[in-house]
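Summary of the model geometry
Given next are the chains, with one letter for each unit.
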Amino acid sequence: GAVALAARAALLSGGGLVTACVPKCGYIPLQSQVPEVMVWTTSGELEHVEFPDQTEGYVTCAGMGLGTSHATSEAFLHWLGRQKAPVLLDADALNILSASPESLKAIPPDSILTPHPGELRRLVGDWKDDFEKLEKAIEIAKTVTPEDAPEVEAVTYDERGMESLRHTGLGMYMEDSLTTANLGK
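Since this is a predicted model, take the numbers as computed values, not measurements.

1. Quick notes on the overall build of the chain
Along the chain, the regular secondary structure elements total six helices and eight strands. Secondary structure elements of the chain occur, N-terminal to C-terminal, as α-β-α-β-β-α-β-α-β-α-α-β-β-β. Taking all 185 residues of the chain together, 38% fall into the buried category. Of the contacts formed within the chain by residues at least 6 apart in sequence, a portion of 50% connects residues at least 24 apart. Accessible surface, the chain: about 10,500 Å² in total, of which carbon and sulfur atoms supply 55%.

2. Some thoughts on helix 5 (residues 117-124)
Taken together, the buried positions of helix 5 are Glu119, Leu120, Leu123 and Val124. Along the long axis of helix 5, the arc covered by the buried residues comes to 115 degrees, so they all point the same way. Of the residues trailing helix 5, Gly125 is marked for its positive phi of about 90 degrees.

3. With respect to the packing of helix 4 (residues 91-99) against helix 5
In the contact formed by helix 4 and helix 5, the axes pass within 8 Å of each other and the chain directions differ by 20 degrees. Here helix 4 is positioned roughly parallel relative to helix 5, judged by the angle of their axes. Considering only the axes of helix 4 and helix 5, their crossing is left-handed. Contacts between helix 4 and helix 5 pair Ala91, Leu94, Asn95, Leu97 and Ser98 from the former with Glu119, Arg122 and Leu123 from the latter.

4. Remarks on the nonpolar core
Counting residues in hydrophobic clusters, the biggest one holds 21 residues, and the most contacted among them are Phe76, Trp79, Leu80, Leu89, Leu97, Ile107 and Leu123. Excluding its chain neighbours within four sequence positions, the residues that come into contact with Leu97 are Phe76, Leu77, Leu80, Leu89, Ser103, Leu104, Ile107 and Leu123. Core analysis: the next-biggest nonpolar cluster, separate from the first, contains eight residues, Ala4, Ala20, Val22 and Val37 among them.

5. Here's the deal with the packing of aromatic side chains
According to the stated counting rule, one finds three aromatic pairs in the structure shown. On the numbers, 6.1 Å between centres and 65 degrees between planes, the contact of Phe51 with Phe76 is edge-to-face. Taken together, the residues Phe51 in the loop between strand 2 (38-41) and strand 3 (60-62) and Phe76 in helix 3 (residues 70-82) connect sequence positions 25 residues apart. Classification of Phe76 as buried rests on a relative accessible area of 0%. Clustering of aromatic rings is evident, with ring pairs tying together Phe51, Phe76 and Trp79. Sitting over the face of the ring of Trp127, Arg121 holds its NZ or CZ atom 4.2 Å from the ring centroid.

6. Things to note about the environment of Ser100
Following the sequence through the fold, Ser100 ends up in the loop between helix 4 and strand 5 (112-113). Classification of Ser100 by relative accessible area gives buried; the value is 11%. Along the chain, Ser100 and Ser73 lie 27 residues apart, while their C-alpha atoms are 9.3 Å from each other.

7. Thoughts on the confidence of the model for the chain
Chain-level pLDDT for the chain is 80 on average; 77% of the residues reach the 70-or-more range. Looking across the chain, the model is least confident in strand 8 (residues 181-182), with a mean pLDDT of 34, and most confident in helix 2 (residues 27-33), with 97. Low pLDDT, under 50, characterises residues 150-154; the stretch is placed with 19 contacts to residues that sit more than four places away or in other chains. Taken as a whole, residues 163-185 scores under 50 in pLDDT and shows 89 contacts with residues more than four places along the chain or in a different chain.

8. With respect to the pairing of strand 1 (residues 19-22)
Only one face of strand 1 is buried, namely the one carrying Ala20 and Val22, since none of Thr19 and Cys21 on the opposite face is buried. Looking at chain direction, strand 1 and strand 2 are connected through four bridges and run parallel. By the bridge assignment for strand 2, Ala20 is matched with Val39. Tracing the backbone out of strand 1, into helix 2 and back to the parallel element strand 2 gives a crossover that is right-handed.

Rules used in this analysis
Residues numbered from 1 in each chain as written. Predicted model: local features only at pLDDT ≥ 70, side-chain atom pairs only at ≥ 80, totals over all residues. Heavy atoms only, no water. Helix = DSSP H or I, 4+ residues; strand = E, 2+ residues; numbered from the N terminus. Buried < 20%, exposed > 50% of the residue type's maximum accessible area, 1.4 Å probe, protein only. Contact = heavy atoms within 4.5 Å. Areas by Shrake-Rupley, 256 points an atom, 1.4 Å probe, with all protein chains shown as cover. Arc of directions from axis to C-beta. Axes fitted to C-alpha atoms, helices over the stretch in contact; angles between N-to-C directions. Parallel < 35°, antiparallel > 145°, perpendicular 65-115°, else oblique. Left-handed = near helix turned anticlockwise from the far one by under 90°. Core = buried A, V, L, I, M, F, W, Y, C linked by side-chain atoms within 4.5 Å. Phe/Tyr/Trp six-rings, centres within 6.5 Å; stacked < 30°, edge-to-face > 60°. Lys NZ or Arg CZ within 6 Å of the ring centre and 35° of its normal. pLDDT = per-residue confidence, 0-100. Pairing = 2+ DSSP bridges. Right-handed = clockwise from strand over helix to strand, strands pointing away.

Below is the structure:
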C-alpha cells in the first residue's frame, strides 16, 4: 500500500532509479504493483529489523508503511543516528520519533518532516489554534536544529490575522495545511 504509493510517486516525479526497502513479506506485493522499482528486502520476515547502510548520494525517505514495533523502532533510530545527508521523514518514522523525543536530535540538518495533523500533535502536543501550532513547531525545530543554523525570515500571522515577518533563528518553516518542516543547516 503506502510503500507502493510512495515508490510510484518517486518514479512519476522523475526519480531515475527508485529502490524501496521492505521486509521479506513485502517483496511480491511491491513488485506486483510497481515492477519498475528495485526492492531491497530486510532480513525480517514481517517487519523492518534493519535499514540499508548505503544511503549517501541518494534521496532517502522513511516512514511510509514502516510500522512501529519495538524491533523496527530500534532499527530505525539506529539507522537515523548514522545519517549525514538530509532525509524525508513521514508517517511511522514520525510516530517513532514522537515516542522517543530525545531522538529528534539525530535528524540530519536540512531534513524534511511531513506530518499530518495527528502526527504533528504526537510530536508537539495539543494546540488551541494555528498560531499556537506554529509556535510549537518552531519550538520543536529549535530542538533539532543546530545552534549555528542560519537565521531565516518566516511569514507568520498575529492574533488579528495580520501578516508579519519573524526572525526565527532556525531553519524551519511550516507550510500551512501541509505542515511540512524543513530543518535548517
